[in-house]
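In case you want the letters, here they are:
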Amino acid sequence: MASDRIFGLVTLITAAAYIAAATQIQTNMFSGEFLPKLFPLMIGGVAALSSLVLIFKPDPDPAWPSSRTWGGLFIAVLVLAVYAVMITPLGFVLPTAITAAILSYQIAPHAGKAALTGLGLAIGLFVIFKYILMLGNIVAYRVPTPAKLWDAISILIPFVGH
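Quick caveat, the model's predicted, so the values are computed rather than measured. Every chain begins its residue count from 1, and numbering advances along the sequence as written. Only residues with pLDDT of at least 70 are given local features in this predicted model, and only at 80 or more are side-chain atom pairs given and counted; all residues enter the totals for whole chains, interfaces and linings. Hydrogens and water molecules were not included; the side-chain quantities draw on all heavy atoms of the structure.

1. Focus: the overall build of the chain
Okay, step 1: Each helix and strand counted, the chain has six helices and zero strands in total.
Okay, step 2: Only DSSP runs of H or I with at least four residues qualify as helices, and only runs of E with at least two residues qualify as strands; both kinds are numbered from the N terminus onward. Helices (α) and strands (β) of the chain occur, in sequence order from the N terminus, as α-α-α-α-α-α.
Okay, step 3: This radius of gyration counts C-alpha atoms alone. The globule rule is 2.2 Å times how many residues there are, raised to the power 0.38. In terms of overall dimensions, the chain is more spread out than a globule: its C-alpha atoms have a radius of gyration of 22 Å, far above the 15 Å expected for 162 residues.
Okay, step 4: Dimensions of the chain, computed from C-alpha atoms along their principal axes, come out at roughly 50 × 50 × 40 Å.
Okay, step 5: By sequence separation, contacts in the chain at least 24 residues apart represent 59% of the contacts at least 6 residues apart.
Okay, step 6: Surface exposure here means Shrake-Rupley accessible area, sampled with a 1.4 Å probe, where a residue is shielded only by the protein chains that are shown. For the chain, the accessible surface area stands at approximately 11600 Å², while carbon and sulfur atoms represent 76% of it.
Okay, step 7: Distance between charge centroids for the chain: 14 Å, based on 8 positive and 5 negative side chains. In what follows, a contact means two residues having at least one pair of non-hydrogen atoms within 4.5 Å. Note that His is not counted, nor are the chain ends; the positive residues are Lys and Arg, and the negative ones are Asp and Glu. Here the site of a charge means NZ on Lys, CZ on Arg, CG on Asp, or CD on Glu.

2. Looking at the side chain of K37
Okay, step 1: Residue position: K37 is located in helix α2 (residues 35-56).
Okay, step 2: From its side chain, K37 meets the backbone oxygen of T23 in a polar contact 3.4 Å long.
Okay, step 3: Look past the residues within four positions of K37 in its chain and what remains in contact with it is A22, T23, I25 and T27. Polar contact is defined as a pair of N or O atoms within 3.5 Å, subject to the rule that within protein one atom must be able to donate a hydrogen and the other to accept it, and that residues adjacent in sequence are counted only when both atoms are side-chain atoms.

3. Some remarks on the packing of helix α4 (residues 93-107) against helix α5 (residues 111-132)
Okay, step 1: Orientation of α4 relative to α5, taken along the N-to-C sense of each, is 140°, at an axis distance of 7 Å. The orientation of α4 with respect to α5, classified from their angle, is oblique. The interaxial crossing formed by α4 with α5 has right-handed handedness. Taking contact as the criterion, the partners of V93, T96, A97, A100, A101, S104 and Y105 in α4 are, on α5, A111, A114, A115, T117, G118, L119, L121, A122, I123 and F126.
Okay, step 2: Within the contact of α4 with α5, the residues separate by chemical class into 13 nonpolar, four polar and no charged. Axis angles are defined between N-to-C directions and span 0 to 180 degrees, where every axis is a line fitted to C-alpha atoms and, for a helix, only to the segment in contact. Any angle that falls under 35 degrees is termed roughly parallel, while one over 145 is termed roughly antiparallel, one within 65 to 115 roughly perpendicular, and all others oblique. By convention the crossing between two helices is left-handed if the near helix lies anticlockwise of the far one by an angle smaller than a right angle, and right-handed if it lies clockwise. Gly is placed with the polar residues, together with every amino acid not listed as nonpolar (Ala, Val, Leu, Ile, Met, Phe, Trp, Tyr, Cys and Pro) or charged (Asp, Glu, Lys and Arg).

4. Points about α5
Okay, step 1: Given a helix with a known number of residues, its expected span is that number minus one, times 1.5 Å. Taking 1.5 Å as the rise per residue, α5 with 22 residues should run 32 Å; its terminal C-alpha atoms sit 30 Å apart, in good agreement.
Okay, step 2: Partly exposed describes any residue whose relative accessible area lies between the buried limit of under 20% and the exposed limit of over 50%, with all areas from a 1.4 Å probe on protein chains only and scaled to the type maximum. Every buried residue of α5 is accounted for by A114, G118, A122 and F126. Projection of α5 onto a plane perpendicular to its axis shows the buried side chains occupying an angular sector of 95°, all on one side. Exposed side of α5, more than 90 degrees from the buried face: K113, L116, Y131 and I132 are the residues found there.
Okay, step 3: The elements touched by buried residues of α5 are α4. To be clear, the arc concerns the directions from the helix axis to the C-beta atoms.

Written out as structure tokens, the structure reads:
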């Protein structure tokens, strides 16, 4: 109950800041005065109304997941963060295969099946993106230089680089 109210308050503050930022959107004479601001204002309004529901009508106290579940979620977020920065220096297939294999292993801990799932997903998605959807900027693999790898990894380390 308290967690819903805290989350609702944080969401209400965020929605108010979002609405305030939306009112500062620059417009030009071709788009009209209000049209570019309409969608962000609607999103902020829905978020504000939803947060008020959480504040004034919270659910009963939730059953929080075990520490093992939190650990699995932390690993998944970490793997996806590393994937996001490694896809540029290493290409698409290798980081996607490794990420999909790790996440598949978390769902069903069978190493062989997870590795095959990762490899199949990576190759299948590459074929779909490159040849069916014709996304020409996808590179299957790259041989990175140590400098490019360090640039990618330094994004994940606070206060280093970028």
